[in-house]
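Now for the letters of each chain:
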Amino acid sequence: MAGGPGAQPTRRDFGEPFPDHLAIIMDGNGRWARRRGWMRVRGHQEGIDSVRQITTECARLGVQSLTLYAFSVENWKRPRKEISFLMKLLADFLVAERPTLAKNDIRLRAIGRVEDLPAAALAELRETERLTANNGGMVLRLALSYGSRTELADAARALAADVERGALAKEAIDEETLRAYLYDPTTPDPDLVIRTAGELRLSNFLLWQASYSELYVAECGWPEFREPQLHEAIRSYTARVRKFGGLIEDLPPLSQGRSASGGA
Ligand code: FPP
C-alpha cells in the first residue's frame, strides 16, 4: 500500500478490476448480539455503525454503487417488536445520515416494495431521496421490503399491463425490456456480492442482477464488518478472473483453486 503504515489505501492501491458495484447481504446481527448475551436488536443497532463506516469508505474509495439488503420481504415474518425496532432504526438512520450523505456526495435510492413501510419510515426515505437526488457521487441503494421473486413478479405484472394496453409489443420483449421494469432499472449489475456471517446463500437478493456477480463470504457478523474486512473483500475480487461465460487463456490449473474458473 502507498502512503506508509497506517495510511488508508486508495482505489489505485487495489488495482484492477475494481468493483464498481458492491452489493451486501448484511447478516448475523442477531447472532453477534446473542453471542455477547445481549438482545438481538442490539446487533441491528451496532449494524448501523457498520452501514455508516462501509458507506463512507466505499464512497471514499470511488465505488460507484453500493446496494445494502436492509430488510427483505421475508423479514415481515419476524416478531412485531423486532420489526418496529428496525423500522425506527431505519427512520432515525435516514435523518441522522443526511449530513454524511451530503458531505460525501452520495445519492440515496431504495428498491423494493417500499410502500409497505410504515408511514414515518417511508416519509423519511422519500425526503432523503429528494435531498440527495442531485448528488453526483456514489449511489447508495437500500433494499427495503425487497425480494427478487417479488421484484420479478411485480415487473412481469407491469410488463403484461403494458402489452395489454398496446404500449409494448410482446415480440419486442428481451432481457433489457424486462430490466426496464425492475424496481430501479438504473441499478448496475453488482460486480461483487458480499455476505457476512458465513452463510452461503443469496436469500432472494438481486437474483436477476447478480447472475454473473462474484461472491464473497465474510465469516464475521455484520456488526464486525468494517473497513479492514471491506478491504479484504475488495482484494479478493481484484485477484479474480471474470469470464462471463466465455473462455480465458492461461487460467491456472484447477488444483490451484482459483475462483471464477468454473464452467460459467
Ligand atoms: C440480518 O441479521 C440483518 C437484518 C435482517 C437487517 C439488517 C439491518 C441493519 C444492519 C440495520 C438497519 C439498516 C439500515 C440501513 C437502517 P439477522 O437479524 O438476520 O441476524 P441473525 O441471522 O444472526 O439472526
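Refer to the structure presented above.
What counts, and where the lines are drawn
- Residues numbered from 1 in each chain as written.
- Predicted model: local features only at pLDDT ≥ 70, side-chain atom pairs only at ≥ 80, totals over all residues.
- Heavy atoms only, no water.
- Buried < 20%, exposed > 50% of the residue type's maximum accessible area, 1.4 Å probe, protein only.
- Helix = DSSP H or I, 4+ residues; strand = E, 2+ residues; numbered from the N terminus.
- Pairing = 2+ DSSP bridges.
- Axes fitted to C-alpha atoms, helices over the stretch in contact; angles between N-to-C directions.
- Parallel < 35°, antiparallel > 145°, perpendicular 65-115°, else oblique.
- Left-handed = near helix turned anticlockwise from the far one by under 90°.
- Contact = heavy atoms within 4.5 Å.
- Nonpolar A, V, L, I, M, F, W, Y, C, P; charged D, E, K, R; others polar.
- Near = heavy atom within 4 Å.
- Polar contact = N/O pair within 3.5 Å; in protein donor to acceptor, adjacent residues only side chain to side chain.
- Areas by Shrake-Rupley, 256 points an atom, 1.4 Å probe, with all protein chains shown as cover.
- Expected span 1.5 Å × (residues − 1).
- Salt bridge = Lys/Arg side-chain N within 4 Å of Asp/Glu carboxyl O.

J.: Any details on the pairing of strand β5 (residues 192-195)? Residues and values, ideally.
T.: Within a regular beta strand, the side chains point alternately toward one face of the sheet and then the other, so they alternate between its two faces. Side chains L192 and I194 of β5 all project onto a buried face; the interleaved residues V193 and R195 project onto the opposite face, where all are buried too. Sheet analysis places strand β1 (residues 21-25) next to β5, joined by four bridges and oriented parallel. The partner of A23 across the bridge, within β5, is V193. With four bridges joining them, β5 and strand β6 (residues 214-217) adopt parallel strand pairing.

J.: Which residues make up the packing of helix α4 (residues 80-96) against helix α6 (residues 119-132), and what values go with them?
T.: If you want to describe how two helices pack, look at the angle between their axes and the distance between the axes. Contact pair α4 / α6: the axes reach a minimum separation of 9 Å and the direction vectors enclose 25°. By the angle class used here, α4 and α6 are roughly parallel. As α4 packs across α6, the resulting crossing turns out to be left-handed. In contact with M87, L90, A91, L94 and V95 of α4, α6 contributes A121, E124, L125 and T128. Here the residues of the contact of α4 with α6 sort into seven nonpolar, one polar and one charged.

J.: An account of the site of the ligand is requested, with residue identities and associated values reported.
T.: Of all residues adjacent to the ligand, which total 15 residues, the nearest are D27, G30, R31, R40 and R78. G30 is positioned with one of its backbone polar atoms (N or O) 3.0 Å from an oxygen atom of the ligand. Within the side chain of R78, a nitrogen or oxygen atom sits 2.7 Å from an oxygen atom of the ligand. For the ligand, whose free accessible area comes to 610 Å², the fraction covered by protein is 92%. Elements that contribute at least two residues to the shell around the ligand include exactly α2 (29-35), α3 (40-61) and α4. Each residue belonging to the shell around the ligand can be placed in one class, and the counts come to six nonpolar, five polar and four charged.

J.: Give a detailed account of the sheet that holds β6, specifying residues and quantitative values.
T.: Strand pairing in a sheet relies on backbone hydrogen bonds. The paired strands run either parallel or antiparallel. The strand order β3-β4-β2-β1-β5-β6 describes an open sheet built from six strands, whose pairing is parallel. Unpaired on one side and paired on the other, β3 (107-111) and β6 mark the two borders of the sheet. Strand-to-strand twist across the sheet, computed as the mean angle between neighbouring axes with direction ignored, equals 20°. The pairing of β3 with strand β4 (residues 139-146) spans five bridges and is parallel. The residue of β4 that forms the bridge with R109 is R141.

J.: How would you sum up unusual backbone geometry? Please name residues and give values.
T.: Put simply, E16 and P17 share a cis peptide bond, and its omega is -5°. Its place among the elements puts P17 in the loop between α1 (11-14) and β1. For D105, which is not a glycine, the phi torsion comes out positive at approximately 60°. Position of D105 relative to the elements: it lies in the loop between α5 (98-103) and β3. Given a relative accessible area of 34%, D105 falls into the partly exposed group. One non-glycine residue with positive phi stands out, namely A197, at about 70°.

J.: I'd like a rundown of α4, residues and numbers included.
T.: With 17 residues, α4 ought to run about 24 Å at 1.5 Å a step, and its terminal C-alpha atoms sit 24 Å apart, in line with that. Listed as buried for α4 are E82, I83, L86, M87, L89, L90, A91, F93 and L94.

J.: Now, about the pattern of salt bridges: what can you tell me, with residues and values included?
T.: All chains considered together, the criterion is met by 25 salt bridges. In this structure, R40 engages E82 in a salt bridge whose closest nitrogen and oxygen atoms are separated by 3.1 Å. A residue pair is termed long-range when its members are at least 10 positions apart, and R40 in helix α3 and E82 in helix α4 qualify at 42 residues. What makes R40 partly exposed here is its relative accessible area of 33%. Overall, E82 belongs to the buried group, its relative accessible area being 8%. Put simply, D189 and R179 hold a salt bridge, and the shortest N to O gap is 3.0 Å. With D189 in the loop between α8 (175-179) and β5 and R179 in helix α8, this residue pair connects regions lying ten residues apart in the sequence. A relative accessible area of 35% places D189 in the partly exposed class.

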